[in-house]
Amino acid sequence: MTLNVGAHVSISGSKTSGDDESPPSDGVDNAVWRQRNVGGNCGQIFTHSPQVWQSPDVEDDEAEAFRAESDTHDIGPWVIHTSYLVNLCTPKEGLREKSRESMQEEVEAAHKLGIPYVNVHLGAHTGAGVEQGLENAAAVIDSLDVPDDVTILIESDAGSGTKLGGDFEHLATVLELADTDLDICLDTAHAFAAGYDLSTPEGVADTLAELDDVVGLEHLKYVHLNDSKHECGTNKDEHAHIGDGHIGDEGFEAFLNHEAIRDVPLALETPTEDGRSYEWNIQHVKELRDEE
Ligand SMILES: [Zn+2]
Ligand SMILES: [Zn+2]
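Residues numbered from 1 in each chain as written. Chains lettered and ligands numbered in written order. Predicted model: local features only at pLDDT ≥ 70, side-chain atom pairs only at ≥ 80, totals over all residues. Heavy atoms only, no water.

(A) Structural context of a nonpolar patch on the surface. A grouping of Val52, Trp53 and Leu85 is seen on the molecular surface, where their side chains present a nonpolar patch of about 210 Å² in accessible area. Position of Val52 among the secondary structure elements: in the loop between strand S2 (43–45) and helix H2 (60–72). (Patch = residues over 30% accessible without salt bridge, like charges linked within 9 Å, V, L, I, M, F, W, Y side chains within 5 Å. Areas by Shrake-Rupley, 256 points an atom, 1.4 Å probe, with all protein chains shown as cover. Salt bridge = Lys/Arg side-chain N within 4 Å of Asp/Glu carboxyl O. Helix = DSSP H or I, 4+ residues; strand = E, 2+ residues; numbered from the N terminus.)

Okay, here's the thing in structure tokens:
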């Protein structure tokens, strides 16, 4: 299997960074063009600004162009990352309802775009307790009408404050409690911050063995590949360029070549600083991965 790696790219029709030439259209299909520009062959998008409550606004012709372009250039699988405001664990009725509505719109947008995955953070229980928070999350998910060709992925979290999903047990519990078929996305920076050491070959082997034990590797459908600016177990979520953070090249080399990871698509959410782009990070991942 060839290496499936790409970046989180913008769908915007306007320039989003200094080195971005003018995109070809004003639609979602710009994401495909951006992915090709950075040398990726899969990847992630937001359907709207993730900092606000907003509905995805995908016209039929845009969706068609997105599917056609992805197909032509053999780019996929894609994943939609939901809004950061979504909180599946919340005990607050109003926030739960908004989260539910937002999730429903995202799974419908995914269906329209031919995107198989919608990635979500569990959110914070804000005092309700871990058990209640996980029950809330499963209940919200089960209240959705998820199209057959779309799967919700629960993303592993850095586990700060009352946020859930830092512990692999949390992911397993939601998968167990929900009647809806769910899978997971492992974010390497989050897992590391949550206390899973990925900086050495032994740490990588132990972490993936534990993930297999607790959740089951058959549920691992995507990886967010990020290095971490903070040390293991700090619960601090700040992404670094691959190899530049506390996970480092040794950790990533072991991770990328581990048999549990070799066939899993990887999406980078690395920073755009120090003059290092997604292109640099994708190239670096290719260097760290052994040829077949
Ligand atoms: Zn995320
Ligand atoms: Zn992530």
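(B) Seen up close, the packing of aromatic side chains. Enumeration according to the criterion identifies four aromatic pairs in this entry. Seen from their ring centres, Phe46 and Tyr84 are 5.7 Å apart, and the 75° between their planes marks the pair as edge-to-face. One end of the pair, Phe46, is in the loop between S2 and H2; the other, Tyr84, is in the loop between strand S3 (78–81) and helix H3 (93–113), and 38 residues separate them in sequence. Its relative accessible area of 18% is what places Phe46 among the buried residues. Aromatic side chains Phe66 and Trp78 sit 5.2 Å apart centroid to centroid with 50° between the ring planes, which places their arrangement in the tilted category. Of this pair, Phe66 sits in helix H2 while Trp78 sits in strand S3, and the two are 12 residues apart along the sequence. On the basis of relative accessible area, Trp78 is assigned to the buried category, the value being 4%. Stacked on the ring of Trp280, the Lys or Arg Arg276 has its end atom at 4.0 Å from the ring centre. (Phe/Tyr/Trp six-rings, centres within 6.5 Å; stacked < 30°, edge-to-face > 60°. Buried < 20%, exposed > 50% of the residue type's maximum accessible area, 1.4 Å probe, protein only. Lys NZ or Arg CZ within 6 Å of the ring centre and 35° of its normal.)

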